[in-house]
Amino acid sequence: SQANFEEDSQKQPAVGHWKTLMPSKGSKEEPETGCQDAGGADETQSTEQLNVSRLRSSSVEIREKGSEFLKEELHKAQKELKLKDKECERLSKVREQLEQELEELTASLFEEAHKMVREANTKQAASEKQLREARGKIDMLQAEVTALKTLVITSTPSSPNRELHPQLQSPSKAVFRKGHGRNKSTSSAMVSAASQNVTPEPVSHERKEVDSILFAEFQAWKESPTLDKSCSFLDRIYREDVGPCLDFTKQELSELVRVAVEQNTLTIEPVASQTLPVVKVSPEECGGPKKCALSGLPRTCKHRIMLGDSGNYYYISPSCRARITAVCNFFTYIRYIQQGLVRQDVELMYWEVMRLRREMSLAKLGFYPSEM
């Protein structure tokens, strides 16, 4: 704008700068006055134009600078906005990921809690069932122990209980109970104790001498009674009496019978006492009224045995029944000693064990009373 103004000023002639060399008289002052007025007006007008052009140039410059500044600010704001958008997008993804992880964690926690509740309910139901069964067994055991104490404790050498010692009864008065009852308590062979079928001479008419080795083994066992057959006392009896007495022709069934006797899960009952159940094994394995399942020989079988709760019955001959009953009577007596139910002198208990061993020896040799 300034350049245009200068060009315009150069093209126009200069006004107000004439000099009269020889002014005339009489009209000397008038032309000077008019020229001065015209020059002053032109000078004022040019000054105003110059000011206007300056204002216009300054306003244009201000607008240009302001526009550049606003553009820079806008560019900065756009950059910041893009950064904010990126940050918001990142935070949104983080929030979505956290929400998904929280949902998965909540679902897993609820599932684990439900699983724990189910397991706790199952365990509680099983515990309650076991508790009821245990209470029932305790009540049954308490009643049996009370009855056994009445029978065992009242038996003394001076006045023995003839129910526990049937060999002291006369043959005419001796009562042989049919069957060997079984209960899973320690008094399982209490019924069979009355089925002593060999009637030796009265004890008072016999001459006895204590074997020092056998008595020492029994005393050592009596200090800490156990049913573990690794001790010297029971190991000898297993080798000399129990093993041979339960060694039948049918080896597999013999082993099952031995285990059932040791675990106190054997049942002996008369054949005619109950209706015959459905047998799950072949007739050759279980025998029959005319064939013994243990010996495999044709014999008249008046009794049968059941091993545990299998539901399978095996017919046995009178000889096999006598051998099994003798072993059951021995285990019953040592269980009584183990539980502290026998209140006798050590020597008297020793001789009772020897008597039971003699019963097993006679039974394994084939001796048994006709009542069996």
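Note that the structure is predicted; figures quoted are calculated from it, not measured.

Q: Go over the nonpolar core with me, naming the residues and quoting the values.
A: Formed by 51 residues in total, the largest nonpolar core has its most connected members in V242, L266, L294, I305, I324 and F330. Of all elements in the fold, only α4 (212-223), α5 (232-245), α6 (251-263), β1 (266-270), β2 (303-307), β3 (313-316), α8 (318-338) and α9 (346-364) reach the threshold of two or more residues within this core. Here this core gets eleven residues from one element, more than from any other, and that element is α8. Beyond its immediate chain neighbours, meaning those up to four positions away, I324 contacts L246, F248, V257, V261, L266, I268, L294, I305 and I316.

Q: Mind laying out the confidence of the model for the protein chain, listing which residues take part and the relevant values?
A: The predicted coordinates ought not to be read in detail in places where the model reports low pLDDT. Across the protein chain, the average pLDDT comes to 77, with 70% of residues at or above 70. Ranking the elements of the protein chain by mean pLDDT puts helix α3 (residues 190-193) last, at 38, and α5 first, at 94. Confidence over residues 274-279 falls short of pLDDT 50; this stretch has twelve contacts with residues more than four positions distant or in other chains.

Q: Break down the pattern of salt bridges for me, with residues and values.
A: A complete count under the given rule lists 14 salt bridges for this structure. Note that E262 and K229 form a salt bridge whose closest N and O atoms lie 3.8 Å from each other. With E262 in helix α6 and K229 in the loop between α4 and α5, the pair connects residues that are 33 residues apart, well separated along the chain. Accessibility expressed as a relative area gives 23% for E262, which makes it partly exposed. Of the charged contacts, one joins R304 and E269 as a salt bridge, the two residues approaching to 2.8 Å between their closest N and O atoms. Separated by 35 residues along the polypeptide, R304 in strand β2 and E269 in strand β1 bring together distant segments of the chain. Assigned by exposure class, R304 and E269 land together as buried. Within the structure, one salt-bridge network assembled from shared partners comprises E217, R236, E240, D241 and R357.

Q: Tell me about the pairing of β3, residues and numbers included.
A: On β3, burial covers both faces: Y313 and Y315 on one face and Y314 and I316 on the other are all buried. As paired elements, β2 and β3 share four bridges and run antiparallel to each other. If you follow H303 over to β3, its bridge partner there is I316. In sequence, β2 turns back onto β3 through a hairpin of five residues, with G308 there showing a positive phi of about 70°.

Rules behind the numbers
- Residues numbered from 1 in each chain as written.
- Predicted model: local features only at pLDDT ≥ 70, side-chain atom pairs only at ≥ 80, totals over all residues.
- Heavy atoms only, no water.
- Core = buried A, V, L, I, M, F, W, Y, C linked by side-chain atoms within 4.5 Å.
- Buried < 20%, exposed > 50% of the residue type's maximum accessible area, 1.4 Å probe, protein only.
- Helix = DSSP H or I, 4+ residues; strand = E, 2+ residues; numbered from the N terminus.
- Contact = heavy atoms within 4.5 Å.
- pLDDT = per-residue confidence, 0-100.
- Salt bridge = Lys/Arg side-chain N within 4 Å of Asp/Glu carboxyl O.
- Pairing = 2+ DSSP bridges.

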